[in-house]
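# Overview (structure and organization)
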Amino acid sequence: MATTVLNVNEIKSKALDAFVNKFGENANICVCAPGRVNLIGEHTDYNEGFVLPMALPMITLIVGKRSNLEKCNIVSLSEIISSENYVEFEVSSRKNIKPGEPKWANYIKGCVANFICDVPSFNAVIVSSVPVGAGLSSSAALEVATYTFLEALTGVKSEKPEDKALACQRAEHDFAGVPCGIMDQFISVMGKEGHALLLDCRDLSIKQIPISQINDYVFLITNSNAPHKLSSSAYCKRRDCCYEAAKRLNKGSLREVSISDIQVLKAQNVPKEMIKRTRHVITEIQRTIEAVDALEKRDFNKFGQLMNESHDSLKNDYEVSSIELDTLVAAAREINGVLGSRLTGAGFGGCTVTLLKKDVIDETINHIKAKYSGNATFYIATPAMGARILDIN
Ligand code: ADP
Ligand code: MG
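Source: prediction; values computed, not measured.

Let us look at the UniProt feature "domain: GHMP kinase C-terminal" (unreviewed entry) in the protein. Within this numbering scheme, the UniProt entry marks residues 292–373 as carrying the feature "domain: GHMP kinase C-terminal" (unreviewed entry). End C-alpha to end C-alpha, residues 292–373 measures 34 Å, and it is 54% helix and 17% strand.

Another aspect to go through is the pairing of strand β9 (residues 217–223). Counting buried positions over the seven residues of β9 gives seven, a clear majority of the element. Residues Y217, F219, I221 and N223 point to one face of β9 and V218, L220 and T222 to the other, with burial holding for every one of them. Here seven bridges tie β9 to strand β11 (residues 351–357), and the two strands are oriented antiparallel to one another. Residue pairing in the sheet places T222 in a bridge with T352 of β11. Two elements, β9 and strand β12 (residues 377–381), share five bridges in a ladder whose sense is antiparallel. Among the inter-strand pairings, L220 is bridged to a residue of β12, identified as I380.

Moving on, we come to the site of ligand 1. Taken together, 17 residues lie near ligand 1, and S76, G133, G135, S138 and S139 sit nearest. Taking G135, its main chain carries an N or O atom lying 3.0 Å from an oxygen atom of ligand 1. Here ligand 1 has 570 Å² of accessible area as a free molecule, and 80% of this is covered by the chains. Top contributing element to the shell around ligand 1 by residue count: helix α3 (residues 138–154), with three residues.

One way to put it is that α3 packs onto helix α5 (residues 183–190) with a least axis distance of 9 Å and a crossing angle of 50 degrees. On the basis of their axis angle, the class for α3 and α5 is oblique. Of the two possible hands of crossing, α3 and α5 adopt the one that is right-handed. Facing α3, whose interface residues are A140, A141, E143 and V144, α5 presents D184, Q185, S188 and V189.

With that settled, consider the side chain of T278. Relative to the elements of secondary structure, T278 occurs in helix α8 (residues 272–296). A relative accessible area of 1% means that T278 is categorised as buried. Apart from residues no more than four positions distant in its own chain, T278 is found in contact with A245, L254, V257, I262 and L265.

Soluble globular proteins tend to pack their nonpolar side chains together in the buried interior. Counting 58 residues, the largest nonpolar core has V37, L39, L52, F219, F303 and L355 as the members making the most contacts within it. Sorting elements by how many residues they give to this core places α8 first, with nine residues. Sequence-distant contacts of L39, defined by excluding residues within four places in its chain, comprise L52, P53, M54, A196, I211, F219, F303, M307, R342 and V353. By size, the runner-up hydrophobic cluster in this structure holds 46 residues, among which are C72, Y107, L142 and A165.

All right, on to the UniProt feature "domain: GHMP kinase N-terminal" (unreviewed entry) in the protein then. In this numbering, the UniProt entry assigns the feature "domain: GHMP kinase N-terminal" (unreviewed entry) to residues 106–192. Spanning residues 106–192, this segment combines 54% helix with 8% strand, and its end C-alpha atoms are found 28 Å apart.

As a further point, take the pattern of salt bridges. Under the defined criterion, the tally for this structure stands at 21 salt bridges. Here R255 and D200 are joined by a salt bridge, their closest N and O atoms 2.8 Å apart. Residue R255 is found in the loop between α6 (231–248) and α7 (261–267), and its partner D200 is found in strand β7 (residues 195–200); the two are separated by 55 residues along the sequence. Here the two residues R255 and D200 agree in accessibility, since each one is buried. A salt bridge links R277 to E273, with the shortest nitrogen-to-oxygen separation between them at 4.0 Å. Taken together, the residues span about one helical turn, with R277 and E273 both in helix α8 at a distance of four residues. Taking relative accessible area as the criterion, R277 reaches 4% and is therefore assigned buried. Exposure remark for E273: the relative accessible area of 45% places this residue in the partly exposed category. Residues joined by salt bridges that share partners form a network here, namely E273, K276, R277 and E319.

Okay, helix α2 (residues 105–113) next. Of all nine residues in α2, nine are buried; the element is thus mostly enclosed. Buried within α2 we find A105, N106, Y107, I108, K109, G110, C111, V112 and A113. Contacts from the buried residues of α2 go to β4 (71–76), β5 (86–90), β6 (122–128), α3 and α4 (161–174).

Rules behind the numbers
- Residues numbered from 1 in each chain as written.
- Chains lettered and ligands numbered in written order.
- Predicted model: local features only at pLDDT ≥ 70, side-chain atom pairs only at ≥ 80, totals over all residues.
- Heavy atoms only, no water.
- UniProt positions renumbered as here; feature names shortened; annotations may be inferred.
- Helix = DSSP H or I, 4+ residues; strand = E, 2+ residues; numbered from the N terminus.
- Buried < 20%, exposed > 50% of the residue type's maximum accessible area, 1.4 Å probe, protein only.
- Pairing = 2+ DSSP bridges.
- Near = heavy atom within 4 Å.
- Polar contact = N/O pair within 3.5 Å; in protein donor to acceptor, adjacent residues only side chain to side chain.
- Areas by Shrake-Rupley, 256 points an atom, 1.4 Å probe, with all protein chains shown as cover.
- Axes fitted to C-alpha atoms, helices over the stretch in contact; angles between N-to-C directions.
- Parallel < 35°, antiparallel > 145°, perpendicular 65-115°, else oblique.
- Left-handed = near helix turned anticlockwise from the far one by under 90°.
- Contact = heavy atoms within 4.5 Å.
- Core = buried A, V, L, I, M, F, W, Y, C linked by side-chain atoms within 4.5 Å.
- Salt bridge = Lys/Arg side-chain N within 4 Å of Asp/Glu carboxyl O.

Encoded structure:
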């Protein structure tokens, strides 16, 4: 059986109770922002390509209240963060805020530092149902929830949703030291119930793609629960390799490059790796365009086939898969009624996403469990809403 995710009210009451216990009064602000699963378009965002994520019912929720003290006091009830789950820091001059310890608080500090205006001190409790470090973007959920909290606290809102997403991305770059693309923050801000989001990472234009009408089919997320290995250094290496390839072809990004340009790289005797990385990005951008077309035509077989091709390209050309992810994908594909399966997120651990007929969900889960030596968890991915301010009651 797939895991049931806590609903918003359950998470909210947990957070409100913890707030009273910690601060001795009731919170009066409540916000949340979702994690996401990327359906196709992997490692294309920092190459100015297309991505197709959808927001999940898994959320990071923050309750809080303005405080009269000089410092902000923030508690995260996440069990997975290894360091202290409590932080205090001053916000009186937001330009003086610096990253530090505990590391998880840097995502929050970065949002305060990048907010539209100065913010007053506040107390807050964070509760999340997004698995941390599993490739479902708990980091963007935390940033976007924080930013939404600051909007509620100050009454000052971003003019455009993309400004909010970009400020959150800057927080992750400058405060957490993670040079991430723009996909995670965009979908966490702009997710729409029943839809996936096609994002053009070159001009940041978006298109909401309805997927609630896929009726007999569903996207299943399988968390390998395998720790990320080498992920941040390998991510930077891949990204730098793409930038170098674009430079060698005199292009601003690999979005401008076509498959025939591979011959130009070969003629320059570039390392074989660069050829492979470039080929992944070019073909993955094309697959994402075709996948949206398939969804719009309700051609789910085609969509599944593109997911399979995406995984194979990530495995063979981009080399960001792992034994665990390959095992999960191969096991899923053995079931009749599974249309496609691929790793999702940056790779090297984390999750897979599988498109399958609803009536084979249990059979697929059981088969994967039998074939996988690790302890996988399963979630049905229902396309959910982006960040929002919630009623406190
Ligand atoms: P992912 O975004 O795929 O979950 P990342 O490595 O990008 O993985 O982000 C995970 C980090 O984000 C954690 O190590 C922690 O620092 C921070 N984080 C995410 N959610 C929370 C939370 N609820 N409480 C505290 N920190 C969190
Ligand atoms: Mg992240």
